[in-house]
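Coordinates in review
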Amino acid sequence: MDTRVADDIHAPRQTSWLDFAKTHFRDYGMLLSLLAIMLFFQVVTNGTLLRPLNLTNLVLQNSYIVIMALGMLLVIVAGHIDLSVGSIVGFVGGLAAVMMVRYGIDPVTTTIACLIVGGLIGAAQGYWVAFFKVPSFIVTLAGMLVFKGLTLALLGGMSVGPFPTVFQRLSSGFIPDVFGGEGFNYTSLFLGVASVLALVYFSFRSRANQLKHDVETAPFGLFVFKNALLAVLIISFCYLMATYRGLPNVLIIMAVLIALYAFVTNRTTIGRRIYALGGNEKAARLSGIKTERLTFLTFVNMGVLAGLAGLIFAARLNTATPKAGLGFELDVIAAVFIGGASATGGVGKVTGAVIGAFVMGVMNNGMSILGIGIDYQQVIKGLVLLIAVFLDVYYKKK
Amino acid sequence: MNAILEMQGITKTFPGVKALDNVNITVKAGEIHALVGENGAGKSTLMKVLSGVYPHGSYSGDIYYDGQERRFKGIADSEELGIIIIHQELALVPLLSIAENIFLGNEQAEYGIIDWSAAFARTKELLKTVGLNESPDTLVTNLGVGKQQLVEIAKALSKKVKLLILDEPTASLNEKDSDALLALLLRFKAQGISSILISHKLNEISKVADSITVLRDGSTVETLDCRLEAISEDRIIRGMVGRTMADRYPKHEPKIGETIFQVENWSAYHPIHTNVQVVKGINLHIRRGEIVGIAGLMGAGRTEFAMSLFGRSYGQNISGRVLLHGKEIDVSTVGKAVSNGIAYVTEDRKTYGLILDEDIRKNVTLAHLNGVSERLVIDDIREMKVANDYRRRLNIRSSNVFQQTVNLSGGNQQKVVLSKWLFADPEILILDEPTRGIDVGAKYEIYTIINQLADAGKGVLVISSEMPELLGMCDRIYVMNEGALIAELDAGEASQEKIMHAIVKGGRR
Ligand SMILES: Nc1ncnc2c1ncn2[C@@H]1O[C@H](COP(=O)(O)OP(=O)(O)OP(=O)(O)O)[C@@H](O)[C@H]1O
Ligand SMILES: [Mg+2]
């Protein structure tokens, strides 16, 4: 009886390139599509896309979408949706403006207060979803209307600004160069190299660990290729940025958050539990997971991140307008689904959501450079969303 | 007698698994053909190939049905020719009525408008044929599994059926319902309908089958003809596992100590019908190293009792006390129940047991993540070792621990759920139909594990509808009927007759 499976426990783990590519197509497909889209726009815009100035813009324009995509990923993985994030962006931006401009409250206090308010808004919505089982679609649709209206009321229909310079730096500042380079920001390049080294170190360590314990690993060639590609991408990106003004502050915030959320979803018990909750709520509950509290927390988290996005967006425009954040929820949700999350919950990755956000961002940016009108931009983005999700569903069935 | 179905050289691979390897099976017209094999042998897969769930082109080999080669592109093609499959997992829409379910996708309609009176009349007829005494407009969700199974069969009959495939139809039925279902199959046979029956209950197979095909590891081992000679259960087992099995239950000398677990006056009410008391003042105890069973008919309230105890997962207005080692413990949420040493292995693995999208590893550790993590951070390697350990100990047939549980065979899914709770290392393990859909060999392994648990000083409570299992495993058996415990029997005095007697007497009270 014991001999039956014993022989296949230690089946060969070093799979061939072809087999591996087949089973992991979806993981790499994402990144390759992003690179292909970038290459395409790089060519058709005659190299404008990757100019340092434009690259910087690309990061600034996308930062708030990426940041919200992190929270939205958790919400969607938990089996819900949040339609109110665009309105929260507008509301929190307006609140920050009113606090700083009208009441002269200092930027730090304002920032902290605004993040708390974001969290409270998330809590208020999550409360209905988690404890009263009102569908999140409805609750956040209501929230979307409520906060859109409150933004209007708060700003009295007017734009409020400008902000103190310290606050503007949140979005338009760059990290200072400690090496005092002239026209070249050495710190930025240094940070790029340091993060590549860290990345390579960790992936080699985990690979070594996997091999030691007989886990299926990517073929060595592919592994090296993947790491080399990432290293080249990061370092050349940092180099380009360094020739301009260096890395924007907001990029650092974004990178730290991405790393944090990737870690939380992949390696921590709370991340694991969110996936379980979205995969099968009843089974998760019967495994001792506090499903209601967890749902509640994902909404609180979403609220905080939407608040942060609101601050960044306001800082970038240097004014709060009643129209701020309009339609952001669509870009954020699209990013998460393009990134491979499942609409029924339980499936989705941080890296996917981030790549999805950049797919949307590069397309926005590239099409604007090409002078394509906002009308056809939307048509194209809609089709890309559909095709991306179709491919995902198609390959999942295979 | 000529063959109605011949499947030749069927091979079907999934990424990383060869589920079927050159399988041959021949079903003669008008016979009951049993398909047996261990969990993961490929029985369900073979039937999915036959019925077009896996369309032509996704497997290799040939299917001859009714004298012609067939290449089904989907279920519709096979149904049109009278091949009707009832899957291992029931596929009824809970919030639709019996009649609506029976005619779903096959509505009695003209120009798209449903003729309900015709549908109801026909449904009544069909329900009578299968012996189900319910009104056609009863919602399926209000029926027990046994009756739902009959609705599935009525649904099959509503189409022109020539070959009926039943994948473990009796797994969740009690003996009486199972017998009724088997009698129905015999009636169909008399009417010339052939059937293929998959089951792990070998006594049923030896009762009704005309021939038996045995699968092992995705290949045909042999075909036994029961018309030539009577085939014993032991003979079937030999084919399935490749050797003889002397005993169905491992030998076990219980080492029973003091009482460690007590439930006092436990009551619970129906979650919707507030005034219906489903669990009625249960008192029971378990001693150290003891395996205690709860016998009863389907619907006696055993699952409801266990779930209400386990973190109030069922019912409302729950009252009563639970004591572990003489001290009252808080079981008001699942989390508290688990941390106080209680575990409950559900009878419904798909709905309540597994995260189907996740792999074996993540399912195994889900109820006890603390056991593989350090300050909230999961240690991948430790987790994998744990999962591999259970995969080996319970013989979970899979390519590795990274296989999604949705792709496991039914029996192997059950073992994953069991692993999850074994890993949580409870003091008291409540098992609800622990061997449902599990093959004989694996049952023996699970019984061995239960015995080991008892020998380690834990208490085990087994809820089972299979009386031989309770009699073979338990040191003491409670009998439950209509929400109350009506009898308590020691292993020595218990017998099937005594249990049934108690139930009948209890029912008459
Ligand atoms: N969609 C799938 N993807 C990958 N592997 C699969 C898939 N479906 C089935 N398998 C594998 O094929 C094998 C046969 O499974 P199958 O469900 O046919 O077994 P079975 O004989 O019906 O077992 P049981 O008695 O437990 O129901 C198993 O090893 C299973 O893991
Ligand atoms: Mg099966």
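Residues numbered from 1 in each chain as written. Chains lettered and ligands numbered in written order. Predicted model: local features only at pLDDT ≥ 70, side-chain atom pairs only at ≥ 80, totals over all residues. Heavy atoms only, no water.

As named in an unreviewed UniProt entry, chain B is Xylose ABC transporter ATP-binding protein, taken from Microvirga aerophila. Recorded in UniProt for chain B, the comment headed Sequence similarities (unreviewed entry) runs: "Belongs to the ABC transporter superfamily." (UniProt positions renumbered as here; feature names shortened; annotations may be inferred.)

Named according to an unreviewed UniProt entry, chain A is Xylose transport system permease protein XylH originating from Microvirga aerophila. Recorded in UniProt for chain A, the comment headed Subcellular location (unreviewed entry) runs: "Cell membrane". Under the UniProt heading Function (unreviewed entry), the note attached to chain A is "Part of the binding-protein-dependent transport system for D-xylose. Probably responsible for the translocation of the substrate across the membrane."

What follows is about the nonpolar core. Counting residues in hydrophobic clusters, the biggest one holds 100 residues, and the most contacted among them are Met68, Leu70, Met72, Leu73, Ile76, Val336 and Val350 of chain A. Every residue in contact with Val350 of chain A, bar those within four places of it in the chain, is listed here: Leu70, Leu73, Ile258, Tyr261, Ala262 and Thr265 of chain A. Within the second largest apolar cluster, 86 residues are counted, among which are Leu284, Tyr447, Ile450 and Ile477 of chain B. (Core = buried A, V, L, I, M, F, W, Y, C linked by side-chain atoms within 4.5 Å. Buried < 20%, exposed > 50% of the residue type's maximum accessible area, 1.4 Å probe, protein only. Contact = heavy atoms within 4.5 Å.)

Residue and element names in this part refer to chain B. In terms of residue burial, strand E23 (residues 476-481) counts as a mostly covered element, since 6 of its 6 residues are buried. Every second residue of E23 is oriented toward a common face, with Arg476, Tyr478 and Met480 on one face and Ile477, Val479 and Asn481 on the other, all of them buried. Bridge analysis of strand E15 (residues 291-295) against E23 gives 4 bridges, and the strand direction is parallel. Each residue of the ladder has a partner; that of Val292, found in E23, is Arg476. (Helix = DSSP H or I, 4+ residues; strand = E, 2+ residues; numbered from the N terminus. Pairing = 2+ DSSP bridges.)

Here we come to the pattern of salt bridges. Residue and element names in this part refer to chain B. Considering all chains together, one arrives at 38 salt bridges over all chains under this definition. Between Arg122 and Glu125 there is a salt bridge, with the nearest N and O atoms lying 3.4 Å from each other. Residue Arg122 and its partner Glu125 are located together in helix H4 (residues 116-130), separated by 3 residues, close to a single helical turn. The partner of Lys147 in a salt bridge is Glu134, and the shortest N-O contact between them spans 3.0 Å. With Lys147 in helix H5 (residues 145-158) and Glu134 in the loop between H4 and H5, the pair connects residues that are 13 residues apart, well separated along the chain. (Salt bridge = Lys/Arg side-chain N within 4 Å of Asp/Glu carboxyl O.)

Listed per partner, the contact involves 30 residues of chain A and 45 residues of chain B. A combined buried area of about 3400 Å² lies between chain A and chain B, and 56% of that area is made up of carbon and sulfur atoms. Put simply, chain A and chain B have 2 salt bridges between them. Linking Arg267 of chain A and Asp380 of chain B is a salt bridge whose minimum nitrogen-to-oxygen distance equals 3.5 Å. At the boundary of chain A with chain B, the tally comes to 7 residue pairs in polar contact (both at pLDDT 80 or more). Among the secondary structure elements, those contributing two or more residues to the side of chain A that touches chain B are helix H1 (3-9), helix H11 (249-267), helix H12 (269-279) and helix H13 (281-286) of chain A. Ranked by the residues each element gives to the side of chain A that touches chain B, the list is headed by H12 of chain A, at 6 residues. Its residues assigned to classes, the side of chain A that touches chain B comprises 12 nonpolar, 10 polar and 8 charged. (Buried area = accessible area lost by both parts, 1.4 Å probe. Polar contact = N/O pair within 3.5 Å; in protein donor to acceptor, adjacent residues only side chain to side chain. Nonpolar A, V, L, I, M, F, W, Y, C, P; charged D, E, K, R; others polar.)

Residues and elements named next belong to chain B. Burial analysis of strand E22 (residues 459-463) places 5 of its 5 residues in the buried class, the great majority of the element. Residues Gly459, Leu461 and Ile463 of E22 are buried on one face, and the alternating residues Val460 and Val462, pointing to the opposite face, are buried as well. Two elements, E15 and E22, share 4 bridges in a ladder whose sense is parallel. Bridge pairing in E22 places Gly293 opposite Val462. In the sheet, strand E21 (residues 428-432) pairs with E22 via 5 bridges, with the strands oriented parallel. Residue pairing across strands places Ile430 opposite Leu461, the latter belonging to E22. Chirality of the crossover, the property in question, places the unit of E21, helix H15 (residues 440-455) and E22 among those that are right-handed. (Right-handed = clockwise from strand over helix to strand, strands pointing away.)

The strands making up a sheet associate through backbone hydrogen bonding, with each pair oriented either parallel or antiparallel. All names here are of chain B. Here we have 6 strands laid out as an open sheet, ordered E6-E9-E10-E3-E11-E12, and mixed in their pairing. Among the strands making up the open sheet, the edge pair consists of strand E6 (83-86) and strand E12 (219-225). Each neighbouring strand pair of the sheet contributes to a mean axis angle of 15°, computed without reference to strand direction. Bridge analysis of strand E9 (residues 163-167) against strand E10 (residues 194-198) gives 5 bridges, and the strand direction is parallel. By the bridge assignment, Leu166 is partnered in E10 with Leu197. (Axes fitted to C-alpha atoms, helices over the stretch in contact; angles between N-to-C directions.)

As a further point, take the sheet that holds strand E5 (residues 68-70) of chain B. Residues and elements named next belong to chain B. Here 4 strands make up an open sheet; going across it, the order is E2-E1-E4-E5 and the pairing antiparallel. Two strands lie at the open edges of the sheet, namely strand E2 (17-28) and E5, each paired on one side alone. Neighbouring strand axes in the sheet, compared pairwise and without regard to direction, differ in orientation by 25° on average. One ladder, built from 5 bridges, connects strand E1 (residues 3-14) with strand E4 (residues 60-65); its direction is antiparallel. Bridged to Thr11 within E4 is Ser60. Against the sheet, helix H1 (residues 43-51) makes contact with E1, E2 and E4, and its axis sits at roughly 115° relative to E1, the strand it touches most.

Right, let's get into the domain arrangement of chain B. Residue and element names in this part refer to chain B. Examined at the domain level, chain B breaks down into domain 1 (3-241), domain 2 (247-341 + 426-509) and domain 3 (353-425). Taken together, the 17 residues of domain 1 in the interface contact 12 residues of domain 2. Summed over both partners, the interface of domain 1 with domain 2 buries about 1200 Å², with 52% contributed by carbon and sulfur atoms. Connecting domain 1 to domain 2 are 1 salt bridge. Two residues, Glu233 and Arg248, come together in a salt bridge whose shortest N-O distance is 2.5 Å. Looking at the side of domain 1 that touches domain 2 element by element, the count peaks at 4 residues for helix H8 (residues 233-241). (Domains from an automatic or database assignment.)

Residue and element names in this part refer to chain B. Every one of the 20 residues lining ligand 1 counts as a neighbour, but Lys43, Ser44, Thr45, His200 and Gly411 are closest to it. Residue Asn39 places a side-chain N or O atom 2.9 Å away from an oxygen atom belonging to ligand 1. Note that an oxygen atom of ligand 1 is positioned 3.0 Å from one of the backbone N or O atoms of Asn407. Counting only elements with at least two residues in the shell around ligand 1, the list comes to E2, H1 and helix H14 (410-423). With 3 residues, H1 is the largest single contributor of residues to the shell around ligand 1. (Near = heavy atom within 4 Å.)

On to the side chain of Asn54 of chain A, then. Residue and element names in this part refer to chain A. With respect to the helices and strands, the residue Asn54 is situated in helix H4 (residues 52-77). Reaching out from Asn54, the side chain makes a polar contact with the backbone oxygen of Leu49 at a distance of 2.8 Å. Asn54 has contacts with Thr48, Leu49, Asn365 and Ile369, leaving out every residue within four places of it along the chain.

What follows is about the packing of H4 of chain A against helix H15 (residues 328-338) of chain A. Residues and elements named next belong to chain A. Packing of H4 against H15 brings their axes to within 8 Å, and their N-to-C directions diverge by 65°. In the packing of H4 onto H15, the handedness of the crossing is right-handed. Contacts from Tyr64, Ile65, Met68, Ala69, Met72, Leu73 and Ile76 in H4 reach Phe328, Asp331, Val332, Ile333, Val336 and Phe337 in H15. When the residues that make up the contact of H4 with H15 are grouped by side-chain class, the tally is 12 nonpolar, no polar and 1 charged. (Left-handed = near helix turned anticlockwise from the far one by under 90°.)

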